[in-house]
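Listed here are the chains, written in short residue letters.
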Amino acid sequence: MTVSNATITQILEKYERFGVDLSLVRIRAVLKRMGNPQHRVPMVHVTGTNGKGSVCAYLSSVLSAAGYKTGRFTSPHLVAWTERICLNNQPIAADSLLRSLRRVEAVSTDIALTQFEVITAAAWDIFAQEAVDIAVIEVGLGGRLDATNVCEAPLVTVITSLSLEHWQRLGPTLADIAGEKAGILKTGRPAVLGSLPEDAMAVILHRAKLLHCPLIQPAAAQALPTREGVAWATAAGVDYPLPLRGRIQLHNSALAIATLQCLQQQGWIISDAAIQAGMGSTHWAGRIQWTRWRNQPLLIDGAHNPAAAEILRNYMDEWCSAQGPRARVHWIVGMLKTKDHRGIFTQLLRPGDRLSLVPVAGHASASPSDLLRLVQTLCLELDRCETFTALPPALESALSDPEPEEGVVLCGSLYLLGEFLQLQTAQTSSLG
């Protein structure tokens, strides 16, 4: 029987009504009834405000290249739920996901699981059923009470970065948020830490000391000369290709290399050749990714918080410098209501930019007219700012006849990128 993504979505949408309710009580109860599959899965646990997806992508790609059967669990997805659960970097088959969802439902009829808890339990079940050698698990929200935080002895834990996001649930200060992220640290288990704000780092170092966690704080990788059109970098004595764009990947890739070296010290066989092959084949959709719409170049990136917006702006500043003095950016932006709109716009926008504001279809979207009023209060001297009722007309307006040296960027929400990718697939199908 062929299982459609619509079937998976229909099942999981039933659990949206339970919202976000951070707790380990329900997930532990359900996993116990399923035979505690998480205890049969060696895992690397990754949290952070930004960069955790890229680090997970690097790790799973290298571990697969090293010959290990590798699971990867990340969120959110862009188009299909199956993207969240990967085996050797390939999304799980829909019928496999359906079987695991049915198993979760069968043992949880008296437990009001959240949607994230359901998909997380299914991921543990799939990885155990598939007998993966190792799984790379990304935290969904925070860490301490996240549904992924059910293993007492991860091989390595990673905290990539930290800034003010989801403060409504994690706490109003960086120290509060750091306390939640530090919840994934486990007694005696090594932890790889990225560059963190001072007050956040103090909290995490204190927690690591209490738990006797060996700490690794790698310096950012150094860029190497491009080889055959591909960027290269070096970190901890290893040279490797760096296909993901943006200077932030010098930081993220160094965290991945440090994590892999932790695994090597524990007996995992990961050669430099596997590192080079795995890093070079890493793909992470929707993060500073060039694509095309109606044969015109378009950059897409989630950039749903100020820190990510700053990274994207820095990349576009470098792009503009390479294009020449007339280069500028045309932003197509949609955001959810809950995001820091002012902070994101402050990081993204510069005088002379163009801005098209769109809704994020099917989600709790910020109103484009409300975003326009906010932008007007910021006095940013934009060349043009318009609102659209949907994404397609905004794309047509920006890309039907783009000006020379104008970079068009779609950003503000991973859900918005998912909508674009579906439109792009439909367009390709119609042409084919």
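So, how was this worked out
Residue indices follow the written sequence of each chain, beginning from 1 at its first position. Two thresholds apply to this predicted model, a pLDDT of at least 70 for residue-level local features and 80 or more for giving and counting side-chain atom pairs, whereas whole-chain, interface and lining totals are computed over all residues. Excluding hydrogens and water, the side-chain figures rest on all heavy atoms present in the structure. UniProt positions are given in the numbering used here, feature names are shortened, and annotations may be inferred rather than shown by experiment. Think of it this way: any DSSP run of H or I at least four residues long counts as a helix, any run of E at least two long counts as a strand, and we number them from the N terminus. Relative accessibility decides the category of a residue: with a 1.4 Å probe and only protein chains considered, values under 20% of the type maximum give buried, values over 50% give exposed, and everything between is partly exposed. Any two residues whose heavy atoms approach within 4.5 Å are treated as being in contact. In this description, accessible areas are obtained by the Shrake-Rupley approach with a 1.4 Å probe, and a residue is regarded as covered only by the protein chains that are shown. Counted charges follow a simple rule, with Lys and Arg positive, Asp and Glu negative, and His plus the chain ends left uncounted. A single reference atom marks each charge: NZ on Lys, CZ on Arg, CG on Asp, CD on Glu. In this description, strands pair whenever DSSP reports at least two bridges between them. For helices, the fitted line uses only the C-alpha atoms of the stretch in contact; every axis is such a line through C-alpha atoms, and the angle between N-to-C directions lies from 0 to 180 degrees. Angular relationships are summarised with four words: roughly parallel below 35 degrees, roughly antiparallel beyond 145, roughly perpendicular across 65 to 115, and oblique for the angles in between. Handedness of a helix crossing follows the sense of rotation of the near helix relative to the far helix, less than a right angle counterclockwise being left-handed and clockwise being right-handed. Charged means Asp, Glu, Lys or Arg here, nonpolar means Ala, Val, Leu, Ile, Met, Phe, Trp, Tyr, Cys or Pro, and polar covers whatever is left, Gly included. Centres within 6.5 Å are what make two rings of Phe, Tyr or Trp a pair, Trp counting through its six-membered ring; a difference in plane orientation under 30 degrees is then read as stacked, over 60 as edge-to-face, and the rest as tilted. Any Lys or Arg side-chain nitrogen located within 4 Å of an Asp or Glu carboxyl oxygen qualifies as a salt bridge.

As named in an unreviewed UniProt entry, the protein is Dihydrofolate synthase/folylpolyglutamate synthase, taken from Lyngbya confervoides BDU141951. Recorded in UniProt under Sequence similarities (unreviewed entry), the annotation for the protein is "Belongs to the folylpolyglutamate synthase family." Its UniProt record gives the protein the following Cofactor (unreviewed entry) comment, quoted word for word: "Mg(2+)".

Trainee: Sorry if this is basic, but what is going on with the overall build of the protein here?
Mentor: A count of helical and extended segments in the protein gives 15 helices and 17 strands. A principal-axis box enclosing the C-alpha atoms of the protein has dimensions of 60 × 50 × 45 Å. Of all 432 residues assigned to the protein, the portion counted as buried reaches 55%. Sequence separation of at least 24 residues holds for 74% of the intrachain contacts in the protein that already meet a minimum separation of 6. Carbon and sulfur atoms make up 51% of the accessible area of the protein, which amounts to about 18,200 Å² in all. Here the protein contributes 37 positive and 38 negative side-chain charges, whose respective centroids are spaced 5 Å apart.

Trainee: Sorry, what's going on with the sheet that holds strand β17 (residues 406-411) here?
Mentor: Strands pair in a sheet through their backbones, by hydrogen bonds, and they do so in one of two ways: parallel or antiparallel. Sheet architecture is open: six strands sit in the order β12-β13-β17-β14-β15-β16, paired in mixed fashion. At either end of the open sheet lies a strand with only one pairing partner, and these are β12 (289-293) and β16 (384-387). Along the sheet, successive strands turn relative to each other by an average axial angle of 25°, direction set aside. Sheet strands touched by helix α13 (residues 368-377): β15 (354-357) and β16. Its angle to β16, the strand with the most contacts, is close to 155°. Those strands touched by helix α14 (residues 391-399) are β12, β13 (296-301), β14 (328-333), β15, β16 and β17, and its axis lies near 170° from that of β14.

Trainee: What am I meant to see in the packing of helix α1 (residues 5-13) against helix α4 (residues 94-107) here?
Mentor: Two quantities define a packed helix pair, namely the angle between the axes and the distance from one axis to the other. In contact at an axis separation of 10 Å, α1 and α4 are set at 20° when each is read in the N-to-C sense. Relative to α4, the element α1 lies roughly parallel. Two packed elements cross with a definite hand, and for α1 against α4 that hand is left-handed. Residue-level inspection shows I8, I11 and L12 of α1 in contact with α4, the latter providing A94, L97, L98, L101, R102 and E105. Grouping the constituent residues of the contact of α1 with α4 by class yields seven nonpolar, no polar and two charged.

Trainee: I keep staring at the packing of aromatic side chains and nothing clicks. Help me out?
Mentor: Two descriptors summarise a pair of aromatic rings, namely the distance from one centre to the other and the angle between the planes of the rings. For the coordinates displayed, the defined rule picks out four aromatic pairs. Look at Y68 and W268: their rings are 5.0 Å apart centre to centre, the planes differ by 65°, and that puts the pair in the edge-to-face class. Remark: W268 occurs in the loop between α9 (248-265) and α10 (272-280) and Y68 occurs in the loop between α3 (52-65) and β2 (70-73); sequence separation between them is 200 residues. In this structure, Y68 and W268 share a single accessibility class: buried. Arranged with centres 5.7 Å apart and planes meeting at 55°, the rings of W293 and F420 form a pair that is tilted.

Trainee: I tried to follow the pattern of salt bridges on my own but got confused; where do I start?
Mentor: Charged atoms that come close allow side chains of opposite charge to pair. One pass over the structure, following the stated rule, counts 20 salt bridges. We note a salt bridge from R144 to E180, for which the minimum N-O separation is 3.2 Å. Taken as a pair, R144 in the loop between β5 (134-138) and β6 (156-159) and E180 in helix α7 (residues 174-181) lie far apart in primary sequence, 36 residues in all. As a salt-bridge pair, R354 and E406 come within 3.7 Å of each other at their nearest N and O atoms. Of the two residues, R354 is situated in strand β15 and E406 in strand β17; the sequence distance between them amounts to 52 residues. Each of R328, R354, D383 and E406 takes part in one network of salt bridges that share partners.

Trainee: What am I meant to see in the environment of H45 here?
Mentor: Examined against the element boundaries, H45 turns out to sit in strand β1 (residues 43-47). Note on H45: relative accessible area 2%, which makes it buried. Separated by 104 residues in sequence, H45 and N149 place their C-alpha atoms 8.2 Å apart. Leave out the neighbours within four places in its chain, and H45 touches I137, V139, T148, N149, P154, V156, T157, V158 and I184.

Trainee: What exactly am I supposed to notice about the side chain of E419 here?
Mentor: Relative to the helices and strands, E419 is located in helix α15 (residues 414-431). Discounting chain neighbours no more than four positions away, the residues touching E419 are P359, A361 and L391.

Trainee: Just checking my understanding: could you explain the UniProt feature "domain: Mur ligase C-terminal" (unreviewed entry) in the protein for this structure?
Mentor: The sites that carry the UniProt feature "domain: Mur ligase C-terminal" (unreviewed entry) are, in the present numbering, residues 286-413. Across residues 286-413, the secondary structure splits into 35% helix and 24% strand, with the terminal C-alpha atoms separated by 10 Å.

Trainee: Is there a simple way to think about the environment of I344 in this case?
Mentor: Position of I344 among the secondary structure elements: in helix α12 (residues 341-348). It is 4.4 Å that separates the C-alpha atoms of I344 and P306, two residues lying 38 residues apart in sequence. The residues contacting I344, other than those within four sequence positions of it, are A303, H304, N305, P306, A309, M335 and K339.

Trainee: Looking at this structure, how should I read the sheet that holds strand β10 (residues 230-235)?
Mentor: Strand order in the open sheet formed by three strands is β9-β10-β11, with antiparallel pairing between adjacent strands. Unpaired on one side and paired on the other, β9 (222-227) and β11 (238-241) mark the two borders of the sheet. Strand after strand, the sheet turns through a mean of 30° between neighbouring axes, direction not considered. With four bridges connecting them, β10 and β11 associate as antiparallel partners. Note on β11: the bridge partner recorded for A235 is V238. Across the sheet, α9 lies against β9, β10 and β11, angled at about 125° from β11, the strand it touches most. This element, α10, spans β10 and β11 of the sheet and lies at about 30° to β11.

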